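# An overview of the molecular structure
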Amino acid sequence: MSLLLMLIISIAGTVSQAYTLHRGRSDGLGGAAILSQAEAATLLSIPCGGISDGVLKFETGFSRCFGIKELDHVFAAAAYRRSGFIYGVGLMQLGSADFYAEQTGILSAAYQYDSLTLGIAASILSVQFGGLYDRLTSTTITAGGGYRRGRILAAIVADNLTSPRLHENAIQATPTFTGYFELIGERYYSFVARCTLQKTELPQFGLGQTVDVTAAGSLYWGISTAPLTYGGGLDINYRRGRISYAASYHPTLGLSHTVSFAYTVGK
């Protein structure tokens, strides 16, 4: 089982050494993001300005990758805006301390002026191997910006700017650049897209759509490349809260599921 899990981690890539937080609806949207209605985990990793002044947002969620409990994610995030400044904090754990576990902590700050938002975040990653080896820890910096004009929103984020590594003999994480795009439809839908570039990997593209079925809920779908992955999900809204379910299908490793809950306090 140990050998199998390490092989899966190396194939999946995105579930290993995460300096960023898992986003609740991301898997169902091909890795893209809903910038216009950003939840706390999105605001933490993408400076898109999708929050009003005096508002506090919470988000927490659980994700099971490929049906394997040893790769479970648990995450929580909060974001608050005051006088144009947006502050965020997030925590995530992957795996189990009995075998292999990653803990990620993130602090972020952004400032929105008119249609432009600029932000920076500091991340710390800690990895443990069931108590058999010493804990490994590393830190890095993320920076980015977002812009909105009418029904068009766009953002670009640069992750791993310090090229961190967990150990002097470990593989160094190279900077990753991701562009996000959203087109808000004239009625009840939005189109979202993503492009991720990393020196050691093939370019990744994602495309998704969200459709408001009723005032109480919406459906969404997504597709991404390298590898070709399909996803979908639904949101259920109740007053200031939202429950989301997202799923994605990896052609080799199978299904992943994420359930998240978001809540908003303020105007």
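Above this note sits the structure.
Quantities reported herein were computed from a predicted structural model and do not represent experimental measurements.

### Quick look at the overall build of the protein
Broken down by element type, the protein carries 2 helices and 14 strands. At 18 Å, the protein has a C-alpha radius of gyration in line with the 18 Å of a compact globule built from 267 residues. With the principal axes as the frame, the protein shows a C-alpha extent of 55 × 35 × 35 Å. Across the 267 residues in the protein, those meeting the buried criterion constitute 49%. Considering only contacts in the protein between residues 6 or more positions apart, those separated by 24 or more positions represent 44%. Per element, the accessible surface of the protein, about 13500 Å² overall, is 63% carbon and sulfur. Averaging the locations of the 19 positively and 17 negatively charged side chains of the protein gives two centres separated by 9 Å.

### Points about empty space enclosed by the protein
Counting across every chain of the model gives 4 cavities of 30 Å³ or more. Space inside the largest cavity adds up to approximately 150 Å³. In terms of lining, the largest cavity is formed by 19 residues, of which the most central are L44, S45, I46, A121 and T142. Of all elements in the fold, only helix 2 (40-45), strand 4 (100-113), strand 5 (116-128) and strand 6 (136-149) reach the threshold of two or more residues within the lining of the largest cavity. When its residues are assigned to classes, the lining of the largest cavity shows 11 nonpolar, 7 polar and 1 charged.

### Some details on the environment of Y19
With respect to the element layout, Y19 can be found in the loop between helix 1 (2-12) and helix 2. For Y19, a relative accessible area of 4% puts it in the buried group. Through-space distance from the C-alpha of Y19 to that of T196 is 15 Å; in sequence the pair is 177 residues apart. Within the structure, the side chain of Y19 is placed 3.3 Å from the side chain of S138, a separation counted as a polar contact.

### A short note on unusual backbone geometry
With an omega of 0°, the peptide bond running from A226 to P227 counts as cis. In this structure, F66 is a non-glycine residue whose phi angle is positive, near 60°. By secondary structure assignment, the location of F66 is in the loop between strand 1 (56-64) and strand 2 (73-82).

### What about the nonpolar core?
Grouped together as the largest cluster of nonpolar side chains are 26 residues, with contacts concentrated most on L21, L35, L43, I46, C48, A77 and Y180. For this core, the secondary structure elements donating two or more residues are helix 2, strand 2, strand 3 (85-96), strand 4, strand 7 (152-159) and strand 8 (176-184). Considering every element that reaches this core, the biggest residue donor is helix 2, with 4 residues. Here C48 is in contact with L35, A38, L43 and T117, once residues within four sequence places are set aside.

### Overview of the packing of aromatic side chains
Considering all chains together, one arrives at 4 aromatic pairs under this definition. Measuring from centroid to centroid gives 6.2 Å for F85 and Y87, while their planes differ by 15°, and the two rings are stacked. An angle of 20° between the planes, with centres 6.4 Å apart, marks the rings of F261 and Y263 as stacked. With relative accessibility at 36%, the residue Y263 sits in the partly exposed group. Ring pairs connect the aromatic residues F85, Y87 and Y111, which therefore count as one cluster.

### A few points about the pattern of salt bridges
Counting across every chain of the model gives 5 salt bridges. For E39, the salt bridge identified is with R242, shortest N-O distance 2.3 Å. Highlighted residues: E39 in the loop between helix 1 and helix 2 and R242 in strand 13 (residues 241-250), separated in sequence by 203 residues. We note that E39, like R242, is buried. With its nearest N and O atoms 3.9 Å apart, the salt bridge here joins D235 to R242. Residue class for D235 comes out buried when judged on its relative accessible area of 3%. Of the residues examined, R242 reaches a relative accessible area of 14% and is grouped as buried.

Rules and cut-offs
- Residues numbered from 1 in each chain as written.
- Predicted model: local features only at pLDDT ≥ 70, side-chain atom pairs only at ≥ 80, totals over all residues.
- Heavy atoms only, no water.
- Helix = DSSP H or I, 4+ residues; strand = E, 2+ residues; numbered from the N terminus.
- Rg over C-alpha atoms; globule rule 2.2 N^0.38 Å.
- Buried < 20%, exposed > 50% of the residue type's maximum accessible area, 1.4 Å probe, protein only.
- Contact = heavy atoms within 4.5 Å.
- Areas by Shrake-Rupley, 256 points an atom, 1.4 Å probe, with all protein chains shown as cover.
- Lys, Arg positive; Asp, Glu negative; His and termini not counted.
- Charge placed at Lys NZ, Arg CZ, Asp CG, Glu CD.
- 1 Å grid on protein atoms, 1.4 Å probe; cavity = no way out; pocket = protein on both sides within 12 Å on 5 of 7 lines; lining within 4 Å.
- Points joined across faces, edges and corners; volume = space filled by probe spheres on them.
- Nonpolar A, V, L, I, M, F, W, Y, C, P; charged D, E, K, R; others polar.
- Polar contact = N/O pair within 3.5 Å; in protein donor to acceptor, adjacent residues only side chain to side chain.
- Core = buried A, V, L, I, M, F, W, Y, C linked by side-chain atoms within 4.5 Å.
- Phe/Tyr/Trp six-rings, centres within 6.5 Å; stacked < 30°, edge-to-face > 60°.
- Salt bridge = Lys/Arg side-chain N within 4 Å of Asp/Glu carboxyl O.

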